[in-house]
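Now for the letters of each chain:
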Amino acid sequence: MVKRAVPVIVSIAAFLGIWWAVAVYNDSVLMPTPWETISSFFKLIFAPTGWQHVMITAYRVIAGTLLGAAAGILLGLATHYNRIAETIVKAVIFPVLQSIPVLCWTLIFVLWFGLNDMTPILTVVVAVAPYFIINVWEGMGELDTNLIEMAHTHTESRMKMLRKIIMPMLYPYLFAATRSSFMTAWKKIIPAEIFGATSGMGYMLAISFEGYRINNVFGWTIAFALIIIAFDYGVFSYTDRKFMRKWKAQEQKL
Amino acid sequence: MESPGTEALRVEKLTKSYNHLPVLKGITFSVYRGELVCILGPSGCGKTTLLRIVSNLIPYNQGKISVYGKDVSSSQAHPQNIGVVFQEPRLLPWRNARNNVRLHFELEADKVTRQDEDVIDNALTLVGLSDFAEAFPYQLSGGMKQRVALARTLVADPQLLLMDEPLTGLDVHTREELQDEIINIWSQKGMGLVWVTHDPNEAIYLADRVIVLSDRPTVIKAVLEFPTPRPRRRNTPQAKELEEKIRDFFNHETH
């Protein structure tokens, strides 16, 4: 544990040191020091409205990810169970989602829906849905047919089969999709809020940028980075170790 | 209560081919209630295919299969009174032993009743796993996993139990132990039991009747009766002699 922690701490210290040296050497308002950035970050976050913007963005990310997940899972499953759905998803929906840059969607949504929650949420939906579609496809291709055959000796209900056998087999894939989606959502929501919202962290970033407040631009940037790190190394890593183990035990065996 | 003479399974002139390649060719036999019948054949002879057809998991080309007088093919579904134990335990790795057994009720009905919970506990006790109810499959040995699978099948109270080489891959000690336990459970419950195996020794020890299959295209080569009362002794000189004969016969078949 200690052996692994030392190089990590040294690397981070080196990064901060170089950043600090560059900032001090340039002595420019365009390059705040790490200390100035961190203090600006705390000022922004603990300002009376600061938290609110964080919460608004978090709400949009979560709502968008959930809607995108629901859409992606339904589309992914539909391709498996229905020929027409398969053609529509594989020939139209998936290529459209994959090929159109998310920023273009954002601009279109701004034109359609104006500046409100709708634009950033829908931006997240189109950004994350492909992750779920792809992972459901992959998961469905890897289903353990032995377990399905076993379940057939207990039930004829397709719905029960889906709920008790197939969906649980997809959990590792859905977990992977959620993890990638969440990272993507936090990144794609920035331009969506810059162009399409009047609140949220992206909006605050835009205001800082327009007002030439460099420290605040750095402060909000750090806020985004810390949230992503906290989720990926904290929540998702923990869940992976704690709960996905039983599923992994299956994978190793087969 | 049905009399022991009831026909649990009747297979008549069953024929099955995969892409015009014949696998089963006119198989006919019956299994009576309270009877233990072993289906013995060389590897790859279509034993598993036969069992999967009877379980209504795959279709067949010609013939007739009835379970307690009811035509199996007439319903699309797996017949309710048939229980299947596969060669692999086929447990859901994300569920503990108890919940793997519970799966039967969750799949079969909308609600698991208090009574069902008791049936689950009894089944776990019957297979000797009451202390391991909370253990997950990765924490169980091969033999224990197969016990869980057996309990999952038994809670359905099957009147015809089909076992597809259920003890293959287990060590000799565990195998013999489980053979005896399954014999015990079967004699308590008195269902018809079809046990597929490639091991003549196992068939001779277990069965009331052994149906010997040929290599593909599979036909019934011989039907051997074993009226020896239970508990039986393992590896008696007569059994050894018979085992050798059957092995010779298989070697001639496959070479």
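Please refer to the structure higher up on the page.
Residues numbered from 1 in each chain as written. Chains lettered and ligands numbered in written order. Predicted model: local features only at pLDDT ≥ 70, side-chain atom pairs only at ≥ 80, totals over all residues.

*Asks:* Give a description of the overall build of chain B that names residues and reports values.
*Replies:* The secondary structure content of chain B amounts to 7 helices and 10 strands. Computed over the C-alpha atoms, the radius of gyration of chain B is 18 Å, within 12% of the 18 Å expected from 2.2 N^0.38 for a compact globule of 255 residues. For the C-alpha atoms alone, the extent of chain B along its principal axes is close to 50 × 45 × 40 Å. Residues classed as buried in chain B amount to 41% of the 255 residues present. Long-range pairs, those at least 24 residues apart, make up 70% of the contacts in chain B with a sequence separation of at least 6. (Helix = DSSP H or I, 4+ residues; strand = E, 2+ residues; numbered from the N terminus. Rg over C-alpha atoms; globule rule 2.2 N^0.38 Å. Buried ≥ 20, exposed ≤ 12 C-beta atoms within 10 Å, placed from the backbone. Contact = placed C-beta atoms within 7 Å.)

*Asks:* Which residues make up the interface of chain B and chain A, and what values do they have?
*Replies:* Taken residue by residue, the interface counts 18 residues in chain B and 17 residues in chain A. Considering each element in turn, the side of chain B that touches chain A owes the most residues, 5 residues, to helix H2 (residues 97-108) of chain B. Its residues assigned to classes, the side of chain B that touches chain A comprises 11 nonpolar, 3 polar and 4 charged. (Nonpolar A, V, L, I, M, F, W, Y, C, P; charged D, E, K, R; others polar.)

*Asks:* So what about helix H6 (residues 118-141) of chain A? Which residues, and what values?
*Replies:* All names here are of chain A. Across its 24 residues, H6 extends 34 Å between first and last C-alpha, which sits within 8% of the 34 Å expected from 1.5 Å per residue. Of all the bends in H6, the largest measures some 30° and sits at valine 128, one to four residues before the proline proline 130. The element H6 is extensively covered by neighbouring structure, given that 18 of its 24 residues are classed as buried. (Expected span 1.5 Å × (residues − 1). Bend = angle between axes of the 7 residues up to and from the residue.)

*Asks:* Can you explain unusual backbone geometry? Please cite residues and give values.
*Replies:* Between Arg216(B) and Pro217(B) the backbone carries a cis peptide bond, its omega angle lying at -10°. Residue position: Pro217(B) is located in the loop between strand S9 (209-213) and strand S10 (220-225). At the junction of Arg230(B) and Pro231(B), the peptide bond is cis and its omega measures out at 0° in the coordinates. As for its position among the elements, Pro231(B) is in the loop between S10 and helix H7 (237-254). Positive phi, close to 45°, is recorded for Asp27(A), a residue that is not glycine. Considering the arrangement of structural elements, one finds Asp27(A) in the loop between helix H1 (2-26) and helix H2 (34-46). For Asp27(A), a count of 8 C-beta atoms within 10 Å corresponds to the exposed category. If you check the backbone angles, Glu165(B) has positive phi at about 40° while not being a glycine. When you line up the elements, Glu165(B) lands in the loop between strand S7 (160-164) and helix H5 (172-189). By C-beta crowding, Glu165(B) is classed as buried, having 21 other C-beta atoms within 10 Å.

*Asks:* Please set out the environment of Ala97(B) residue by residue, giving values where relevant.
*Replies:* All names here are of chain B. With respect to the helices and strands, the residue alanine 97 is situated in helix H2. Classification of alanine 97 as buried rests on a count of 28 C-beta atoms within 10 Å. Sequence separation between alanine 97 and lysine 145 is 48 residues, and the spatial gap between their C-alpha atoms is 8.1 Å.

*Asks:* Quick one: what's the story with the sheet that holds strand S4 (residues 62-67) of chain B, residue by residue and with numbers?
*Replies:* Hydrogen bonds along the backbone pair up the strands of a sheet, which may run parallel or antiparallel. Residues and elements named next belong to chain B. Ordered by their spatial adjacency, 4 strands build an open sheet running S2-S1-S4-S5, and the pairing between neighbours is antiparallel. Either end of the sheet is taken by a strand with one partner, and the two such strands are strand S2 (21-32) and strand S5 (70-71). Its contacts with the sheet put helix H1 (residues 47-54) on strand S1 (7-18), S2 and S4, and the angle it makes with S1 is roughly 120°. (Pairing = 2+ DSSP bridges. Axes fitted to C-alpha atoms, helices over the stretch in contact; angles between N-to-C directions.)

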